[in-house]
Amino acid sequence: MRIRATAAAVTGALALSAFAVSAAQAAPAAPAHRAAVAKVLQSAHATSGMRAFTADTGTSGEPYALNVTFSGFKIGKAYKVGTGGHVSIPVSYTMTHGTDVDITAPDFETDPYLYKGSYADADNILIGDAPAKCTASSSTVAACKGTIDIYPAEGDLENANAGSWGAAAGAIDWNGQLDSTTPDLSKVGVAEKGGLGTTLIQRNSALTADASPEPVRKGATLTVKGKLSRADWETNKYVGFSGQWVKLQFRKKGSNTYTTLKTIKTDSAGNLKTTVKASVDGYYRYSFAGTSTTPAVNAAGDFVDVR
(Lines give C-alpha, C1' and ligand atoms only; values in the text may rest on other atoms or scores of the structure.)
Protein backbone atom coordinates (compact mmCIF):
# COMPACT_ATOMS: atom_id res chain seq x y z
CA MET A 1 0.00 0.00 0.00
CA ARG A 2 1.24 3.49 -0.79
CA ILE A 3 1.20 6.90 0.79
CA ARG A 4 1.71 9.21 -2.14
CA ALA A 5 3.79 12.33 -1.75
CA THR A 6 1.07 14.95 -2.18
CA ALA A 7 1.03 16.28 1.34
CA ALA A 8 0.95 19.88 0.16
CA ALA A 9 -2.44 19.21 -1.39
CA VAL A 10 -4.06 16.97 1.20
CA THR A 11 -5.07 17.26 4.81
CA GLY A 12 -3.45 15.39 7.65
CA ALA A 13 -6.51 13.17 7.96
CA LEU A 14 -6.24 12.07 4.36
CA ALA A 15 -2.56 11.37 4.71
CA LEU A 16 -3.21 9.28 7.80
CA SER A 17 -5.84 7.22 6.04
CA ALA A 18 -3.68 6.60 2.98
CA PHE A 19 -2.05 3.57 4.55
CA ALA A 20 -5.43 1.96 5.15
CA VAL A 21 -7.01 2.29 1.70
CA SER A 22 -6.12 -1.09 0.22
CA ALA A 23 -5.47 -2.82 3.52
CA ALA A 24 -9.16 -3.69 3.77
CA GLN A 25 -8.33 -6.54 1.43
CA ALA A 26 -5.65 -7.78 3.83
CA ALA A 27 -5.68 -8.77 7.48
CA PRO A 28 -8.38 -7.09 9.59
CA ALA A 29 -5.74 -5.26 11.65
CA ALA A 30 -3.99 -3.84 8.59
CA PRO A 31 -5.92 -0.52 8.37
CA ALA A 32 -5.20 0.32 12.01
CA HIS A 33 -1.57 -0.68 11.53
CA ARG A 34 -1.15 1.60 8.53
CA ALA A 35 -2.83 4.57 10.16
CA ALA A 36 -0.78 4.22 13.32
CA VAL A 37 2.49 3.91 11.44
CA ALA A 38 1.54 6.88 9.29
CA LYS A 39 1.02 9.11 12.32
CA VAL A 40 4.47 8.50 13.66
CA LEU A 41 6.30 8.58 10.34
CA GLN A 42 4.58 11.83 9.44
CA SER A 43 5.85 13.42 12.59
CA ALA A 44 9.34 11.98 12.18
CA HIS A 45 9.61 13.09 8.57
CA ALA A 46 8.14 16.51 9.24
CA THR A 47 11.38 17.32 10.99
CA SER A 48 13.62 15.56 8.45
CA GLY A 49 11.84 17.06 5.44
CA MET A 50 10.46 13.94 3.80
CA ARG A 51 7.57 15.36 1.85
CA ALA A 52 5.65 12.09 1.55
CA PHE A 53 4.91 12.10 5.27
CA THR A 54 4.66 15.80 6.04
CA ALA A 55 1.24 16.56 7.50
CA ASP A 56 -0.43 17.72 10.68
CA THR A 57 -0.88 14.69 12.90
CA GLY A 58 -3.01 16.38 15.53
CA THR A 59 -0.81 14.97 18.27
CA SER A 60 1.74 16.47 20.62
CA GLY A 61 5.51 16.19 20.54
CA GLU A 62 7.99 14.66 18.15
CA PRO A 63 9.29 11.08 18.26
CA TYR A 64 12.69 10.53 19.82
CA ALA A 65 15.53 8.71 18.05
CA LEU A 66 15.32 5.00 18.76
CA ASN A 67 18.58 3.07 19.20
CA VAL A 68 18.01 0.76 16.24
CA THR A 69 19.91 0.28 12.96
CA PHE A 70 19.29 -1.81 9.85
CA SER A 71 21.54 -3.76 7.48
CA GLY A 72 21.64 -6.75 5.16
CA PHE A 73 18.41 -5.84 3.38
CA LYS A 74 17.47 -8.46 0.78
CA ILE A 75 14.85 -8.03 -1.94
CA GLY A 76 14.35 -9.45 -5.42
CA LYS A 77 15.66 -7.75 -8.53
CA ALA A 78 12.30 -6.99 -10.16
CA TYR A 79 8.55 -7.43 -9.66
CA LYS A 80 5.79 -7.41 -12.27
CA VAL A 81 2.59 -5.60 -11.33
CA GLY A 82 -0.52 -5.92 -13.46
CA THR A 83 -3.86 -4.12 -13.25
CA GLY A 84 -5.44 -6.03 -10.37
CA GLY A 85 -4.90 -8.56 -7.66
CA HIS A 86 -2.27 -8.44 -4.94
CA VAL A 87 1.52 -8.46 -5.31
CA SER A 88 3.35 -9.39 -2.12
CA ILE A 89 7.10 -8.75 -2.10
CA PRO A 90 9.07 -10.72 0.50
CA VAL A 91 12.06 -9.00 2.12
CA SER A 92 14.50 -9.77 4.90
CA TYR A 93 16.98 -7.67 6.87
CA THR A 94 19.02 -7.53 10.04
CA MET A 95 17.98 -5.23 12.88
CA THR A 96 20.53 -4.24 15.51
CA HIS A 97 19.34 -2.49 18.66
CA GLY A 98 20.52 -1.21 21.99
CA THR A 99 19.96 -3.15 25.20
CA ASP A 100 17.46 -0.48 26.20
CA VAL A 101 15.15 -1.49 23.30
CA ASP A 102 12.79 -4.40 23.95
CA ILE A 103 11.88 -5.79 20.53
CA THR A 104 9.61 -8.38 22.17
CA ALA A 105 7.34 -5.70 23.63
CA PRO A 106 3.78 -5.97 22.26
CA ASP A 107 3.87 -2.37 21.03
CA PHE A 108 7.26 -2.52 19.29
CA GLU A 109 7.29 -3.03 15.54
CA THR A 110 9.55 -2.83 12.53
CA ASP A 111 8.40 -2.31 8.94
CA PRO A 112 10.15 -2.56 5.57
CA TYR A 113 9.03 -0.23 2.81
CA LEU A 114 9.88 1.02 -0.67
CA TYR A 115 10.14 4.62 -1.85
CA LYS A 116 10.12 6.12 -5.34
CA GLY A 117 12.54 8.95 -5.98
CA SER A 118 14.88 10.27 -3.34
CA TYR A 119 14.50 9.11 0.25
CA ALA A 120 14.32 12.69 1.50
CA ASP A 121 11.70 13.71 -1.08
CA ALA A 122 9.88 10.54 -2.12
CA ASP A 123 7.16 10.59 -4.77
CA ASN A 124 5.47 7.46 -3.46
CA ILE A 125 5.82 4.97 -0.60
CA LEU A 126 4.84 1.27 -0.54
CA ILE A 127 4.47 -0.49 2.81
CA GLY A 128 3.24 -3.88 4.01
CA ASP A 129 -0.08 -5.03 5.42
CA ALA A 130 1.55 -5.94 8.73
CA PRO A 131 4.83 -5.42 10.60
CA ALA A 132 7.81 -7.66 9.92
CA LYS A 133 8.45 -10.67 12.16
CA CYS A 134 11.85 -10.83 13.83
CA THR A 135 13.82 -13.61 15.49
CA ALA A 136 16.55 -12.64 17.93
CA SER A 137 19.98 -14.09 17.20
CA SER A 138 21.55 -12.36 20.20
CA SER A 139 20.57 -9.86 22.88
CA THR A 140 21.00 -6.98 20.39
CA VAL A 141 20.57 -8.50 16.92
CA ALA A 142 17.49 -9.92 15.18
CA ALA A 143 16.76 -11.40 11.76
CA CYS A 144 13.57 -9.88 10.32
CA LYS A 145 11.26 -10.98 7.53
CA GLY A 146 8.33 -9.04 6.13
CA THR A 147 6.40 -8.18 3.00
CA ILE A 148 5.63 -5.09 0.98
CA ASP A 149 2.10 -5.32 -0.41
CA ILE A 150 0.80 -3.74 -3.61
CA TYR A 151 -2.83 -3.49 -4.76
CA PRO A 152 -2.69 -1.83 -8.20
CA ALA A 153 -6.46 -1.59 -8.62
CA GLU A 154 -6.65 0.45 -5.39
CA GLY A 155 -4.46 3.26 -6.73
CA ASP A 156 -1.20 2.23 -5.12
CA LEU A 157 0.79 3.13 -8.23
CA GLU A 158 0.89 5.70 -11.01
CA ASN A 159 2.43 4.91 -14.39
CA ALA A 160 5.29 7.30 -13.70
CA ASN A 161 6.23 5.16 -10.70
CA ALA A 162 7.46 2.30 -12.90
CA GLY A 163 11.18 1.60 -12.67
CA SER A 164 13.68 1.68 -9.85
CA TRP A 165 12.61 1.98 -6.19
CA GLY A 166 14.71 2.34 -3.07
CA ALA A 167 14.38 0.08 -0.05
CA ALA A 168 14.08 1.27 3.55
CA ALA A 169 13.19 -0.02 6.99
CA GLY A 170 11.84 1.57 10.13
CA ALA A 171 11.16 0.66 13.73
CA ILE A 172 8.67 2.15 16.18
CA ASP A 173 8.58 1.72 19.94
CA TRP A 174 5.12 2.94 20.88
CA ASN A 175 5.74 2.87 24.66
CA GLY A 176 2.05 2.65 25.49
CA GLN A 177 0.90 5.28 22.96
CA LEU A 178 -0.38 2.90 20.30
CA ASP A 179 -3.97 2.74 21.53
CA SER A 180 -4.27 6.39 22.43
CA THR A 181 -6.52 8.58 20.30
CA THR A 182 -4.20 11.52 21.00
CA PRO A 183 -0.77 9.93 21.50
CA ASP A 184 2.11 11.89 22.93
CA LEU A 185 4.66 11.35 20.18
CA SER A 186 7.49 12.55 22.38
CA LYS A 187 7.15 9.19 24.15
CA VAL A 188 7.39 7.23 20.88
CA GLY A 189 10.77 6.09 19.60
CA VAL A 190 11.43 5.95 15.86
CA ALA A 191 14.38 4.71 13.80
CA GLU A 192 14.51 4.50 10.02
CA LYS A 193 17.00 4.19 7.22
CA GLY A 194 16.81 4.48 3.44
CA GLY A 195 19.27 3.37 0.80
CA LEU A 196 19.21 -0.25 1.96
CA GLY A 197 18.74 -1.63 -1.54
CA THR A 198 16.90 -1.22 -4.84
CA THR A 199 14.37 -3.13 -6.91
CA LEU A 200 12.32 -2.65 -10.06
CA ILE A 201 8.55 -2.26 -9.91
CA GLN A 202 7.43 -2.88 -13.49
CA ARG A 203 4.26 -2.49 -15.51
CA ASN A 204 3.42 -6.09 -16.46
CA SER A 205 3.63 -6.82 -20.18
CA ALA A 206 1.76 -8.99 -22.68
CA LEU A 207 2.67 -9.99 -26.24
CA THR A 208 0.81 -11.84 -29.00
CA ALA A 209 1.72 -13.37 -32.36
CA ASP A 210 -0.53 -14.58 -35.19
CA ALA A 211 0.87 -15.93 -38.47
CA SER A 212 -1.35 -16.34 -41.52
CA PRO A 213 -2.44 -17.89 -43.78
CA GLU A 214 -2.48 -21.33 -42.22
CA PRO A 215 -1.69 -23.72 -43.82
CA VAL A 216 0.61 -22.11 -46.37
CA ARG A 217 2.46 -23.22 -49.50
CA LYS A 218 6.24 -23.48 -49.32
CA GLY A 219 7.78 -20.25 -50.59
CA ALA A 220 4.58 -18.26 -50.13
CA THR A 221 4.42 -15.11 -48.03
CA LEU A 222 3.41 -15.30 -44.38
CA THR A 223 2.13 -12.26 -42.53
CA VAL A 224 2.88 -12.22 -38.81
CA LYS A 225 0.85 -9.80 -36.70
CA GLY A 226 1.01 -9.14 -32.99
CA LYS A 227 0.71 -6.60 -30.23
CA LEU A 228 2.88 -5.52 -27.31
CA SER A 229 0.92 -4.10 -24.39
CA ARG A 230 1.53 -3.31 -20.74
CA ALA A 231 -0.44 -2.52 -17.62
CA ASP A 232 -1.79 0.99 -17.20
CA TRP A 233 -1.99 1.48 -13.42
CA GLU A 234 -4.19 4.54 -13.76
CA THR A 235 -6.95 3.01 -15.92
CA ASN A 236 -6.52 -0.61 -14.75
CA LYS A 237 -6.32 -1.78 -18.36
CA TYR A 238 -3.60 -3.03 -20.69
CA VAL A 239 -2.53 -0.50 -23.33
CA GLY A 240 -0.27 -0.70 -26.38
CA PHE A 241 3.43 -0.03 -25.84
CA SER A 242 4.61 2.11 -28.75
CA GLY A 243 8.03 2.58 -30.28
CA GLN A 244 9.59 -0.63 -28.94
CA TRP A 245 11.93 -2.95 -30.82
CA VAL A 246 10.62 -6.52 -30.92
CA LYS A 247 12.20 -9.63 -32.46
CA LEU A 248 10.34 -11.98 -34.78
CA GLN A 249 11.59 -15.50 -34.04
CA PHE A 250 11.09 -18.94 -35.57
CA ARG A 251 11.42 -22.49 -34.20
CA LYS A 252 11.37 -25.49 -36.51
CA LYS A 253 8.99 -28.32 -35.70
CA GLY A 254 10.83 -30.79 -33.48
CA SER A 255 13.35 -28.19 -32.25
CA ASN A 256 13.49 -26.43 -28.89
CA THR A 257 15.43 -23.38 -30.09
CA TYR A 258 14.10 -20.13 -31.49
CA THR A 259 16.20 -18.10 -33.94
CA THR A 260 15.67 -14.42 -34.71
CA LEU A 261 14.49 -13.63 -38.24
CA LYS A 262 14.23 -9.84 -37.99
CA THR A 263 13.60 -6.99 -35.56
CA ILE A 264 10.75 -4.52 -36.01
CA LYS A 265 9.28 -1.64 -34.01
CA THR A 266 5.78 -1.38 -32.57
CA ASP A 267 3.53 1.33 -33.98
CA SER A 268 1.77 4.03 -31.95
CA ALA A 269 -0.76 1.50 -30.68
CA GLY A 270 1.77 -1.22 -29.90
CA ASN A 271 0.90 -3.24 -33.01
CA LEU A 272 3.36 -5.40 -34.94
CA LYS A 273 3.20 -6.57 -38.55
CA THR A 274 5.77 -8.02 -40.92
CA THR A 275 6.14 -10.68 -43.62
CA VAL A 276 8.41 -13.69 -44.17
CA LYS A 277 8.70 -16.52 -46.70
CA ALA A 278 7.37 -19.88 -45.51
CA SER A 279 9.93 -22.66 -45.73
CA VAL A 280 9.26 -25.47 -43.22
CA ASP A 281 6.74 -26.35 -40.53
CA GLY A 282 7.32 -24.47 -37.30
CA TYR A 283 6.39 -21.83 -34.78
CA TYR A 284 6.55 -18.07 -35.10
CA ARG A 285 6.62 -15.74 -32.12
CA TYR A 286 7.54 -12.20 -31.12
CA SER A 287 10.04 -11.58 -28.33
CA PHE A 288 10.47 -8.36 -26.33
CA ALA A 289 13.68 -7.86 -24.33
CA GLY A 290 12.08 -5.53 -21.78
CA THR A 291 13.06 -2.19 -20.23
CA SER A 292 13.54 -0.93 -16.69
CA THR A 293 9.83 -0.08 -16.55
CA THR A 294 8.41 -3.08 -18.44
CA PRO A 295 9.48 -6.73 -18.15
CA ALA A 296 10.64 -8.96 -20.97
CA VAL A 297 7.97 -11.15 -22.53
CA ASN A 298 7.65 -13.78 -25.27
CA ALA A 299 4.50 -14.41 -27.24
CA ALA A 300 3.20 -17.97 -27.45
CA GLY A 301 4.48 -19.62 -30.61
CA ASP A 302 1.98 -19.83 -33.48
CA PHE A 303 2.37 -23.04 -35.49
CA VAL A 304 2.29 -22.88 -39.28
CA ASP A 305 1.88 -25.98 -41.45
CA VAL A 306 3.89 -25.57 -44.67
CA ARG A 307 2.75 -27.75 -47.59
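Everything below is about the structure shown above.
Residues numbered from 1 in each chain as written. Predicted model: local features only at pLDDT ≥ 70, side-chain atom pairs only at ≥ 80, totals over all residues. Heavy atoms only, no water.

Caption draft 1: Examining the overall build of the chain more closely. Scanning the chain from N- to C-terminus turns up two helices and 19 strands. Looking at the chain as a whole, 49% of its 307 residues qualify as buried. Restricting the contact set of the chain to residue pairs at least 6 apart, pairs at least 24 apart contribute 67%. For the chain, the exposed surface amounts to about 13700 Å²; the carbon and sulfur share of it is 51%. (Helix = DSSP H or I, 4+ residues; strand = E, 2+ residues; numbered from the N terminus. Buried < 20%, exposed > 50% of the residue type's maximum accessible area, 1.4 Å probe, protein only. Contact = heavy atoms within 4.5 Å. Areas by Shrake-Rupley, 256 points an atom, 1.4 Å probe, with all protein chains shown as cover.)

Caption draft 2: Just the sheet that holds strand 4 (residues 87-97), in detail. The four strands lie next to each other as 2-4-8-7, forming an open sheet whose pairing is antiparallel. Edge positions in the sheet fall to strand 2 (68-74) and strand 7 (133-136), since each has one partner strand and no second. Direction aside, neighbouring strands of the sheet carry axes that sit 25° apart on average. For strand 4 and strand 8 (residues 141-150), the ladder comprises ten bridges, and the chain directions are antiparallel. Bridge pairing in strand 8 links Pro-90 to Thr-147. (Pairing = 2+ DSSP bridges. Axes fitted to C-alpha atoms, helices over the stretch in contact; angles between N-to-C directions.)

Caption draft 3: Structural context of the side chain of Asn-159. Turning to its location among the elements, Asn-159 is positioned in the loop between strand 8 and strand 9 (163-173). Side-chain polar atoms of Asn-159 contact the side chain of Asp-232, separated by 3.0 Å. (Polar contact = N/O pair within 3.5 Å; in protein donor to acceptor, adjacent residues only side chain to side chain.)

Caption draft 4: Quick look at the environment of Ala-269. Structurally, the position occupied by Ala-269 is in the loop between strand 15 (259-265) and strand 16 (271-277). Each C-alpha atom of the pair Ala-269 and Gly-243 lies 8.9 Å from the other, and the pair is 26 residues apart in sequence. Aside from chain neighbours lying at most four places away, what touches Ala-269 is Lys-227 and Gly-240.

Caption draft 5: Geometry of the pairing of strand 16. Every second residue of strand 16 is oriented toward a common face, the buried set being Leu-272, Thr-274 and Val-276 and the non-buried set Asn-271, Lys-273, Thr-275 and Lys-277. Sheet topology places strand 12 (residues 221-232) next to strand 16; seven bridges connect them, and they run antiparallel. Bridge pairing in strand 16 places Lys-227 opposite Asn-271.

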